[in-house]
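A structural walkthrough
One letter stands for each residue in the lines below.
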Amino acid sequence: MSSTTTSAKDRVLIFDTTLRDGEQCPGATMTFEEKLEVADVLDAMGVDIIEAGFPIASDGDFEAVSAIAKRIKRATVAGLARAISADIARAGEAVRHAAKPRIHTFVSTSPIHLEHQMRKTEDEVLEIITRTVAQARNLVEDVEWSAMDATRTPIDYLCRTVDAAIKAGATTINLPDTVGYATPEEYRAMFRAVRERVANADKAIFSVHCHNDLGLAVANSLAGIEGGARQVECTINGIGERAGNAALEEVVMALRVRGDFFPYDTGIDSTLLMRASKAVSTACSFPVQYNKAIVGRNAFAHESGIHQDGMLKNQSTYEIMTPESVGVSKTSLVMGKHSGRAAFRSKLKEMGYDLGDNQLEDAFTRFKALADRKKHVYDEDIEALVDENIASAHD
Ligand code: KIV
Ligand code: ZN
């Protein structure tokens, strides 16, 4: 086993697939240089495994995975391969120069996929798993095997596939919720059942990989960890196929902020989360929704008077983590029609104004009237109304 897979006692490994599953998101294609930049940020942040691409998919993907494999010295670099001999050979070639190479190979296991997509029997798929995992294991020591559509696979058959993959040499077993269909309870129970029922389950690290079709990707990932998984596959900003993958920044901060509930650690330097979010959003020209947890521009912004008043007294009243802990410079109190006197006074102070009580009251009344008419109240608007206010006091 590689060092990545042996060091994971109470540590949850972070497997970032922004450059593979994330890039499969419609419109999120990245250039070669952009991929290298993103890989550098991921490595600096402490990601354990970087899935750099799908080498058989195109020459461009192969070049990017090879370049990342040569460049990254700390993280494991993985290349994806279908359960096809040519794919595995190509992935092996692409990650060959990595300090810590991994081949990640997958095959569908659910009846729906077997019947309609693969047109194979269960026994045929078991034979494919044994043969392809062994082929990958001949090329590298660190082999991940994924049961595509695991959450729609009957548990007995899923256990047989996992058993075959481990016997053939897989060191990580990933049980993806490929179509984002599972609930947290089901996902947790699936991991518990497989780990209990497969005789040599403790020889592998189990991994979660959740899609967000029902908005449950992060909740399901956390439930999978409770079920015994110790690797989380996720992407920056949650980009990925269809509704995306579990967002790395959300998984990492949920584990950290609720460490009382989840006694696991990741090796992530969370102060680089905002930088990573911006790098990915810029690289794939994909905007981050304003109210996105952790890295959205409103994640540390407060507008309501009650909240702003609380924040001015103590940040813990309405923030469960500090903005600095995720690389955001500071909380912002947004001035709008919901803002109260306390925030308005503090804003004026910050802008260098020191008004008496009457002047402040007058300026506040004007500010409220303006905020009712205008969607965004900028510092310049406040400046104008205060200056007007001071001028009229001198008339
Ligand atoms: O969602 C999925 O099942 C995948 C596999 C290739 C791991 O992305
Ligand atoms: Zn996926």
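As a convention, each chain's residues are numbered from 1 in the sequence order in which they are written. Chain letters and ligand numbers both follow the written order, the letters beginning at A and the numbers at 1. Selection of residues for local features in this predicted model requires a pLDDT of at least 70, selection of side-chain atom pairs for listing and counting requires 80 or more, and totals for whole chains, interfaces and linings are taken over all residues.

An unreviewed UniProt entry lists the protein chain under the name 2-isopropylmalate synthase, with Bosea lathyri as the source organism. As its UniProt record puts it under Catalytic activity (unreviewed entry), the protein chain is described as follows: "3-methyl-2-oxobutanoate + acetyl-CoA + H2O = (2S)-2-isopropylmalate + CoA + H(+)". UniProt positions are given in the numbering used here, feature names are shortened, and annotations may be inferred rather than shown by experiment. Heading Subunit (unreviewed entry) of the UniProt record for the protein chain holds this comment: "Homodimer."

This paragraph deals with the UniProt feature "binding site: Mn(2+)" (unreviewed entry) in the protein chain. What UniProt calls "binding site: Mn(2+)" (unreviewed entry) maps, in this numbering, to Asp-21, His-209, His-211 and Asn-245. What stands out for the annotated residues spanning 225 residues is how close their C-alpha atoms remain, the widest pair being 10.3 Å apart. By secondary structure assignment, the location of His-209 is in strand S7 (residues 205-210). The contact criterion used here is simple: two residues whose C-beta atoms, placed from the backbone, lie within 7 Å are in contact. Among residues more than four places away in sequence, those in contact with His-209 are Ser-146, Asn-174, Pro-176 and Glu-233. Per the convention used, a helix needs a DSSP run of H or I reaching at least four residues, while a strand needs a run of E reaching at least two, with both numbered from the N terminus. Tracing the backbone shows Asn-245 in the loop between strand S8 (231-234) and helix H10 (248-257). Exposure is read from a count of other C-beta atoms within 10 Å of each residue's own; the residue is exposed at 12 or fewer, buried at 20 or more and partly exposed in between. C-beta atoms are placed from the backbone. Exposure remark for Asn-245: the 32 C-beta atoms within 10 Å place this residue in the buried category.

The nonpolar side chains of a soluble globular protein tend to be buried, and buried together. Nonpolar cores are identified as sets of buried Ala, Val, Leu, Ile, Met, Phe, Trp, Tyr and Cys residues joined via C-beta atoms within 7 Å. Ranked by internal contacts, the top residues of the largest apolar core, which has 100 residues, are Ile-50, Ala-52, Val-77, Val-95 and Val-251. Broken down by element, the residue count for this core peaks at six residues, all from H10. Once you skip the residues sitting within four places of it in the chain, Ala-52 turns out to touch Leu-19, Arg-20, Ala-39, Ala-64, Val-65, Ile-68, Ala-69, Val-77, Ala-78 and Gly-79. Judged by nonpolar contacts, the second largest core, of 12 residues, contains Phe-344, Ala-371, Val-377 and Ile-382.

Turning to the site of ligand 1, a few remarks are in order. Each residue receives a C-beta atom placed from its backbone. It is near a molecule or strand if this atom lies within 6 Å of it. Neighbouring ligand 1 are Asp-21, Phe-106, Ser-146, Met-148, Asn-174, Pro-176, Thr-178, His-209 and His-211. Among the secondary structure elements, those contributing two or more residues to the shell around ligand 1 are strand S5 (142-148) and strand S6 (172-177).

If you walk around this closed barrel you meet the eight strands as S1-S2-S3-S4-S5-S6-S7-S8, and the pairing is parallel. Each strand axis lies, on average, 25 degrees off the axis of its neighbour in the sheet, ignoring direction. A pair of strands is treated as paired once DSSP finds two or more bridges between them. Pairing of S6 with S7 involves six bridges; the strand directions are parallel. Residue Thr-172 lies in a different strand from S7, and its bridge partner there is Ile-205. Between the N-to-C directions of two axes lies an angle of 0 to 180 degrees, each axis being a line fitted to C-alpha atoms and, for a helix, fitted only over the stretch in contact. Set on the sheet, helix H3 (residues 59-71) makes contact with strand S2 (49-53), strand S3 (76-82) and strand S4 (101-108); between it and S2 the angle comes to about 150 degrees.

For every residue, the predictor reports its confidence as pLDDT, a number between 0 and 100. Per-residue confidence for the protein chain averages 95 on the pLDDT scale, and 97% of its residues sit at or above 70. Scored below 50 in pLDDT, residues 1-9 makes 20 contacts in the model with residues more than four places away or belonging to other chains. Here the predicted complex carries an ipTM of 0.99, next to a pTM of 0.93.

Our focus in this paragraph is the pairing of S2. Of all five residues that make up S2, five are buried, and the element is covered over most of its length. The pairing of strand S1 (residues 13-16) with S2 spans two bridges and is parallel. By the bridge assignment, Asp-16 is partnered in S2 with Ile-50. As for the winding sense of the linkage, the β-α-β connection from S1 through helix H2 (residues 32-45) to S2 is right-handed. With four bridges joining them, S2 and S3 adopt parallel strand pairing. Counterpart to Gly-53 in the pairing with S3 is Gly-79. Orienting the strands away from the viewer, one traces the path from the first strand over the helix to the second; a clockwise path indicates a right-handed crossover. For the handedness criterion, the β-α-β arrangement of S2, H3 and S3 is classed as right-handed.

By the criterion of burial, S3 is predominantly enclosed, with six of the seven residues buried. The handedness of the S3 to S4 crossover, carried by helix H4 (residues 85-95), is right-handed.

With that settled, the discussion passes to the UniProt feature "domain: Pyruvate carboxyltransferase" (unreviewed entry) in the protein chain. According to UniProt, the feature "domain: Pyruvate carboxyltransferase" (unreviewed entry) maps to residues 12-274 in the numbering used here. Span residues 12-274 is 43% helix and 18% strand, its end C-alpha atoms 21 Å apart.

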